[in-house]
Amino acid sequence: MSDFILETRGLSKSFGAFKAVNGVDLCVRKGTIHALIGPNGAGKSTVFNLLTKFLKPSTGKILFNGRDITHLDPSSIAFQGMVRSFQISAVFPQLTVRQNVRVALQRSLGVSFHFWRSSKCLRQLDDRAAELIESVNLGDWADRTAGELPYGRKRALEIATTLALDPELILLDEPLAGMGREDIARTADLIKSLAQTKTVIMVEHNLSVVADISDHITVLRQGSVLAEGTYDEVSQNRDVVEAYMGTTGATHG
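Residues numbered from 1 in each chain as written. Predicted model: local features only at pLDDT ≥ 70, side-chain atom pairs only at ≥ 80, totals over all residues. Heavy atoms only, no water.

Colleague: Could you give an account of the overall build of the protein chain, with specific residues and numbers?
Modeller: Regarding its fold elements, the protein chain presents 10 helices and 10 strands. Looking at the protein chain as a whole, 49% of its 253 residues qualify as buried. (Helix = DSSP H or I, 4+ residues; strand = E, 2+ residues; numbered from the N terminus. Buried < 20%, exposed > 50% of the residue type's maximum accessible area, 1.4 Å probe, protein only.)

Next up, the structure:
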């Protein structure tokens, strides 16, 4: 069996004459945190949308656990164990934290998102919901509506609902965007804990967090892979410093 949970081979995407992604080869190792970084316009979001099937590749292949998923739709790959989050928190604001997680857990009953199921029928999900809520440090917020949560706590709830789907691979799209320092530290610790049992791919601009929690980094520039390796390796790459870090330097202090 391969050590790689996700691979791309010659992945490309064109919009008319513009080639947004050009021949990207990725190898994401199981049980790691793999970051995609690069300057604005580097193609990170496009690659992310190709991986999660919100865009169709122009050419190339995507393999998940050795299976070709290039032509599958997002719901199909989610059922196979590959789930993404979005830059904008996607929770039900009128439901409590517990109810949000329980809705996500309904899939295990074969009645996913059937809001009319009786509370007695859904009560069997409460223990697992409680575990997930505690895992993202929302125990004190369990009975608060999601709309009341501070932004960082909403992102934590989104991760809990993602975990409720029991994925093997979690893709996080700028999980720290818009957060204050305390929320960044809390969420970074949470992402790091995820990799104890899951694989994580994330697009992230916060280089300090990328440096601290990522096992492997792919740097993109103009739709192509510029460099790969650990943070120490890519931060010493002259092309990376010039293209991405610029005058901010290659350190993460």
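Next comes the rest of the write-up.
Colleague: So what about the pattern of salt bridges? Which residues, and what values?
Modeller: Following the criterion strictly, the structure yields 11 salt bridges and no others. With a shortest N-O distance of 3.7 Å, glutamate 7 and arginine 9 are connected by a salt bridge. Overall, arginine 9 belongs to the partly exposed group, its relative accessible area being 47%. Put simply, arginine 186 and glutamate 182 hold a salt bridge, and the shortest N to O gap is 2.8 Å. Here arginine 186 pairs with glutamate 182, and both are found in helix H7 (residues 181–194), just four residues apart, close to one helical turn. (Salt bridge = Lys/Arg side-chain N within 4 Å of Asp/Glu carboxyl O.)

Colleague: Give me the layout of surface pockets: which residues, what numbers.
Modeller: There is about 200 Å³ of room inside the second largest pocket. Those elements that provide at least two residues to the lining of the second largest pocket are helix H5 (126–135) and H7. Here the lining of the second largest pocket gets four residues from one element, more than from any other, and that element is H5. In the lining of the second largest pocket, the residues fall into four nonpolar, four polar and four charged. (1 Å grid on protein atoms, 1.4 Å probe; cavity = no way out; pocket = protein on both sides within 12 Å on 5 of 7 lines; lining within 4 Å. Points joined across faces, edges and corners; volume = space filled by probe spheres on them. Nonpolar A, V, L, I, M, F, W, Y, C, P; charged D, E, K, R; others polar.)

Colleague: Talk me through the packing of helix H6 (residues 151–164) against H7; I want residue IDs and the actual numbers.
Modeller: Taken N-terminus to C-terminus, the directions of H6 and H7 make an angle of 15°; their axes are 10 Å apart at the nearest point. When the axis of H6 is compared with that of H7, the two are roughly parallel. In this structure, H6 crosses over H7, and the sense of that crossing is left-handed. Between H6, through Gly152, Arg153, Ala156, Ile159 and Leu163, and H7, the contact on the second element is made entirely by Asp183, Arg186, Thr187, Leu190 and Leu194. Class assignment of the residues belonging to the contact of H6 with H7 gives a composition of five nonpolar, two polar and three charged. (Axes fitted to C-alpha atoms, helices over the stretch in contact; angles between N-to-C directions. Parallel < 35°, antiparallel > 145°, perpendicular 65-115°, else oblique. Left-handed = near helix turned anticlockwise from the far one by under 90°. Contact = heavy atoms within 4.5 Å.)

Colleague: Can you explain H5? Please cite residues and give values.
Modeller: By the burial criterion, the buried members of H5 are Ala129, Leu132 and Ile133. End-on, the buried residues of H5 take up no more than an arc of 100°, which puts them together on one face. Looking at H5, the residues exposed on the side facing more than 90 degrees away from the buried face are Asp127 and Glu134. Tucked inside the fold, the buried residues of H5 contact helix H3 (97–105) and H6. (Arc of directions from axis to C-beta.)

Colleague: Lay out the sheet that holds strand E7 (residues 169–173) in plain terms, naming residues and giving numbers.
Modeller: Sheet architecture is open: six strands sit in the order E6-E7-E8-E3-E9-E10, paired in mixed fashion. A strand with exactly one partner marks an edge of an open sheet, and here the two such strands are strand E6 (82–84) and strand E10 (224–229). The sheet shows a mean angle of 20° between the axes of neighbouring strands, taken without regard to direction. Most of the contacts of H7 go to strand E8 (residues 199–203), to which it runs at about 140°, and overall it touches strand E3 (33–37), E7 and E8. (Pairing = 2+ DSSP bridges.)

Colleague: Break down the pairing of E7 for me, with residues and values.
Modeller: Judged by how many residues are buried, E7 sits mostly within the fold: five of five residues are covered. Side chains of E7 alternate between two faces, with Leu169, Leu171 and Asp173 and Ile170 and Leu172 buried alike. Judged from the three bridges that link them, E6 and E7 form a sheet pairing that is parallel. In the strand pairing of E7, arginine 84 is matched with leucine 171. As paired elements, E7 and E8 share five bridges and run parallel to each other. The residue bridging leucine 171 from the neighbouring strand is isoleucine 201, located in E8.

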